[in-house]
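Observations on the three-dimensional arrangement
The residues making up each chain are set out below.
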Amino acid sequence: QVQLVESGGGLVQAGGSLRLSCAASGRTFSSYAMGWFRQAPGKEREFVATISWSGGSLGYADSVKGRFTISRDNAKGTVYLQMNSLKPEDTAVYYCAAKSGAAGAVSSTYAYWGQGTQVTVSS
């Protein structure tokens, strides 16, 4: 199994930037793909970004393309989400997740989840 811990959330003004980190512990393998999801109050959890541990496959929700970048550092066992040009609608709890096999956007295919980190974007 793997444990995931998110960090880097906080309060930022619209147009600003944040970098979220997801640190993995326990038994990890390069074959794990990673994803970021978010959930705003009163809304369902939605896909944000995904990356294979090889870095060869990437995917983004249309709402964040061109603004967010997902990356990894296998030596540190860490996945990042660089968030630029933030908008108030990006306000949500952001969750890191891990899955076997290929990168993907379907939350039900992810076996491991972090506890989430709050991102609040003021207007």
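Computed from a prediction, not measured in an experiment: that's the story for all the values here.

Turning next to the side chain of D90. By secondary structure assignment, the location of D90 is in the loop between strand 8 (78–83) and strand 9 (92–99). Ignoring any residue separated from it by four or fewer positions in sequence, one finds D90 in contact with R38, R67, F68, S85, V119 and V121.

Tracing the backbone shows T117 in strand 11 (residues 117–122). In terms of polar contacts, T117 uses its side chain to reach the backbone amide nitrogen of G9, at 3.3 Å. Filtering out sequence-adjacent residues up to four positions away, T117 remains in contact with E6, S7, G8, G9, L20, A92, V93 and Y94.

Time to look at the sheet that holds strand 1 (residues 2–7). Spatial strand order, 1-3-8-7: four strands in an open sheet with antiparallel pairing. Here the strands that pair on one side only, and so sit at the sheet edges, are strand 1 and strand 7 (68–73). In this sheet, neighbouring strand axes are inclined to one another by 20 degrees on average, regardless of whether the strands run parallel or antiparallel. One ladder, built from six bridges, connects strand 3 (residues 18–26) with strand 8; its direction is antiparallel.

It is worth spelling out the state of the cysteines at this point. For the coordinates displayed, the defined rule picks out one disulfide. A sulfur-sulfur separation of 2.0 Å characterises the disulfide bridge that pairs C22 with C96. Across the S-S bond linking C22 and C96, the dihedral sits near -80 degrees, which makes this disulfide left-handed. Of this pair, C22 sits in strand 3 while C96 is found in strand 9, placing the two residues 74 residues apart along the sequence. For C96, a relative accessible area of 0% puts it in the buried group.

Reading guide: rules and limits
- Residues numbered from 1 in each chain as written.
- Predicted model: local features only at pLDDT ≥ 70, side-chain atom pairs only at ≥ 80, totals over all residues.
- Heavy atoms only, no water.
- Helix = DSSP H or I, 4+ residues; strand = E, 2+ residues; numbered from the N terminus.
- Contact = heavy atoms within 4.5 Å.
- Polar contact = N/O pair within 3.5 Å; in protein donor to acceptor, adjacent residues only side chain to side chain.
- Pairing = 2+ DSSP bridges.
- Axes fitted to C-alpha atoms, helices over the stretch in contact; angles between N-to-C directions.
- Disulfide = S-S within 2.5 Å.
- Buried < 20%, exposed > 50% of the residue type's maximum accessible area, 1.4 Å probe, protein only.

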